[in-house]
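# Working through the structure, step by step
Next come the chains, spelled out residue by residue.
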Amino acid sequence: MSTLVIVESPTKARTIRNYLPAGYQVEASMGHVRDLPQSASEIPAAVKGESWAQLGVNVDADFEPVYVVPKDKKKIVTQLKEALKDVDELILATDEDREGESISWHLYQLLKPKVPTKRMVFHEITQEAIKKALKNCRNIDEQLVRAQETRRILDRLVGYTLSPLLWKKIAWGLSAGRVQSVAVRLLVTRERQRRAFHEGTYWDLKASLSKEKTPFAAQLVTLAGTKIANGSDFDATTGQITAGRNVLLLDEDQTVALKERLTGKTWSVTDIEERPVTRKPSPPFTTSTLQQESNRKLRLSARDTMRVAQNLYEQGYITYMRTDSVHLSDQAIAAARSCVEKLYGQQYLSPQPRQYTTKSKGAQEAHEAIRPAGSSFRTPQETGLGGRELAVYDLIWKRTVACQMADSRQTQITVQLQVEDAGFRSSGKRIEFPGYLRAYVEGSDDPEAALEDQEVILPNLKVGDHPNCTDLEAVGHETQPPARYTEASLVKTLESEGIGRPSTYASIIGTIIDKGYAHLVSNALIPTFTAFAVTDLLEKHFPDVVDPSFTSKMEQTLDDIATGEAKWLPYLQQFYLGERGLETLVKERENQIDGTKARTVELENLEAKVRIGKYGPYIEVENGEEVITASIPKDLTPADLDPKQVEVLLRQKTIGPDQLGRHPETGEPIYVKIGAYGPYVQLGDKTDENPKPKQASLPKGVTPETVTLEIAVGLLALPRTLGVHPVTGGKIQASLGRFGPYVVHDQGKEGKDYRSLKAADNVLTITLERGLELLSEPKKGRSSTNSKSKAALRELGTHPDNGETINIYDGPYGPYIKHGKTNVSIPEGQKVEDITLAEALNLLSAKASTAKSTRKTTTKSTTSKSKSTAKSTTSTKKKGKEA
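So, a few notes on the structure that sits alongside this text. (Residues numbered from 1 in each chain as written. Predicted model: local features only at pLDDT ≥ 70, side-chain atom pairs only at ≥ 80, totals over all residues. Heavy atoms only, no water.)

### Considering the overall build of the protein chain
- Counting its regular elements, the protein chain contains 24 helices and 32 strands.
- Expressed along its principal axes, the backbone C-alpha trace of the protein chain runs to roughly 105 × 80 × 75 Å.
- For the protein chain, the residues scored as buried account for 47% of the 883 residues in total.
- In the protein chain, once contacts between residues fewer than 6 apart in sequence are set aside, the share between residues at least 24 apart is 65%.
- On the protein chain, roughly 45,900 Å² of surface is accessible, and the fraction owed to carbon and sulfur atoms is 49%. (Helix = DSSP H or I, 4+ residues; strand = E, 2+ residues; numbered from the N terminus. Buried < 20%, exposed > 50% of the residue type's maximum accessible area, 1.4 Å probe, protein only. Contact = heavy atoms within 4.5 Å. Areas by Shrake-Rupley, 256 points an atom, 1.4 Å probe, with all protein chains shown as cover.)

Right, dumping it as structure tokens:
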């Protein structure tokens, strides 16, 4: 009996093939094989004239979706149909979540199998899991498919109904996704809070003390029995002490005077409190918490984290990575406890196995948390992984093992001290037993270092002791505006609010950045002026769309449809066609929305208007009868745009740019200007004879106020030639690029080798020796996608024709052979270690001949088409003359 098994990806296919008996053929669907039309060209001719055709959903006939097979999937579908002809059974083995269930259903609808068909699900790709799954196949869950379809239709209705409105009223290419719009509003709301923020200033004293040669620190907390004001006592909207707070606000003069008064006085310990604290380990990872921790620790985006986790799952290293559940199977608990006992000892094992329950209301995507696969966990060192894959696996391994470790026992120590009428406090912490912290500390890469950082050791103090004060320092503080969202904190907020599903967060954040609603700067998501304009429009005219509680209720309804507690059709009808439905609202509001107002962003305390233009945001002010406009630099955020910044931008347009001086060699003026990409210097004036005067961006740390003529001359002289490479003879230069200052080694035919300068390096003064030192360091970057910068799996040798190396690398679709710019996959069934240089040469030769053949065919086809077109044109011209 022969069986066809269909999974989503080639990597998953290769892994699962190892665990299936003879007679099983595994093929990949390459993800979704069918979806709603993505463009006008995909809309079937039969429905093109319908009013709802652009939606791809027949809203007049019970929201029937129009499914099409995209062009790039037609060949795959044909191949799957061919494979199905020669088998006795079909097994659909796509992922176990709603998305996977939907893919299986679409495959079944497309392939129309005449052989028995089963649905196989598994949580990990191990021999034991696959064997068990084969014995427990089931039918496709129609209810789960319907819930996923409703979700897809709902997202399409929101996106394809609101997005065209944004194109008309604000700017072409914008989108208004169901969850995306709420996420953008969260970013905008936080930026508004930062804009409304007023800074508060307060002072206190920091004391350096010692007892028996052991130093410790203390901070002023009271004066004459009244609490000293700190940051939490300020109102962020006024910068003043919050009304009703009985605190004493010290200024600099008062603090310095107090310091002088207390200097040389006797200090006494008045109270000591020791409080035992027990900390329990965090649950194992869900999709959301993995994205958050990976962003905090590894600085990986949610999208990159999910890509890496997908690869780890498909290669059999971890369990399924889209899950809301923190539950662990008995097998997983036993494996984790075994690791603890073996690596850390019996004393670090929790007395009883720990089982975690999922608190998330809608948790149901999968049955278990993300953990290392198998009945025994491979340590990170045993996997043979590298780069990002190793880092993410290490994170998952540590978190899973730590969850079965003993509690951490600590003692919090608070010491109260008195000097004259001033009360000081000193806090310490002792770690009595590290427990799970020995393996995993949230937010820290190195548990050992984190343990040392967490301990604050105080000397052995008793009430009545008189420690010696070695120094008193007056310290000024400024309150800080609310922190911008990072990917981690945004994911956490979305999940806590019940907005969307963790499996979609990576694509949502990616879309927000791709569509220009936010910039990712130093791990912070900064909303753009466009995000403000879109949010303003949606808040005023479609408040439900950006209301977190409304979106959360919608999410709950979609979950209820999956369990059969709610009916999908009445819900869609009410949402879209109801009296206050989305279609009705859009038709009603479209004529009410003034495009000019929609493109205008109103900011508090700013008289100038901010408008969204075809080429980006700009400011506009009226100067008598004249209207003056100026582009807003891309690095100037909505929270930072103030009247002073507006004045600088407008002065450049009205008076002209500031002149630093004249170039010492050419005598041309050098200007400091501000453009769309920030401040820069320019040599000479723009004229018909000189349409593109030389320009250079100001490097990080240099502002229009601090740039000097000498710095400007140096920047305009870039790139600087430092010398030649002692080995290759290639030129080495220093310059400024899009990502900052760098050195580059010109290697001729081999290309150019770049290295970024470090913070201490100066692009204007860096020497050849320092440049060579930087170039000798290993290249950093996206090693997982760049074979030049990642280690080869195997080095086979050199090509006899040109001497270039032939290596085997690991790619997203499995191992491949690389020679120059030619890549060729390793044949199915062959192992990396078995490939010889001779075999590699044959495969590369075959690939080259195929490529030549394809090029010839394409050329002939193109020539033929050209001749045909020429004939057609000639014929048309003749007819025209006859007429």
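### A closer look at the pattern of salt bridges
- As enumerated under the stated definition, the model contains 44 salt bridges in all.
- Its salt-bridge partner being Arg296, residue Glu293 comes within 2.8 Å of it at the nearest N-O pair. In this pair, Glu293 and Arg296 are both assigned in helix α8 (residues 287-298), 3 residues apart and thus about one turn of the helix distant.
- According to the relative accessible area criterion, Glu293 is buried, its value standing at 0%.
- Look at Arg296 and you get partly exposed, because its relative accessible area is 35%.
- The salt bridge partner of Glu773 is Arg770, with a shortest N-O separation of 3.0 Å. (Salt bridge = Lys/Arg side-chain N within 4 Å of Asp/Glu carboxyl O.)

### Structural notes on helix α19 (residues 582-590)
- Along α19, the positions that sit buried rather than exposed are Leu582, Leu585, Val586 and Arg589. Viewed end-on, α19 has its buried residues packed into an arc of 100 degrees, placing them on one side of the element.
- In this structure, the buried side of α19 is in contact with α5 (142-169), α16 (529-541) and α18 (568-577). (Arc of directions from axis to C-beta.)

### Things to note about the nonpolar core
- Counting 160 residues, the largest nonpolar core has Ile318, Phe542 and Leu641 as its most contacted members.
- Among the elements that line this core, the one with the most residues is α5, at 10 residues.
- When sequence neighbours within four positions are dropped, the list of residues in contact with Ile318 reads Ala309, Leu312, Tyr313, Ile370, Arg371, Pro372, Ala373, Tyr393 and Ile396.
- Counting residues in each nonpolar core, the second largest holds 23 residues, with Leu209, Leu223, Trp267 and Ala422 among its members. (Core = buried A, V, L, I, M, F, W, Y, C linked by side-chain atoms within 4.5 Å.)

### As for the packing of aromatic side chains
- Under the criterion given, the structure shown has 11 aromatic pairs.
- Where Tyr67 meets Trp105, the ring centres are 6.4 Å apart and the plane angle is 70 degrees; that geometry is what we call edge-to-face. You can see Tyr67 sitting in the loop between β4 (64-65) and α2 (71-85) and its partner Trp105 sitting in helix α3 (residues 98-111), a full 38 residues away along the chain.
- A relative accessible area of 14% means that Trp105 is categorised as buried.
- Between Tyr317 and Tyr393, the ring centres sit 6.3 Å apart and the planes meet at 75 degrees, which makes this aromatic pair edge-to-face. Of this pair, Tyr317 sits in the loop between α9 (302-314) and α10 (330-343) while Tyr393 sits in helix α12 (residues 387-402), and the two are 76 residues apart along the sequence.
- Judged by its relative accessible area of 13%, Tyr317 is buried. (Phe/Tyr/Trp six-rings, centres within 6.5 Å; stacked < 30°, edge-to-face > 60°.)

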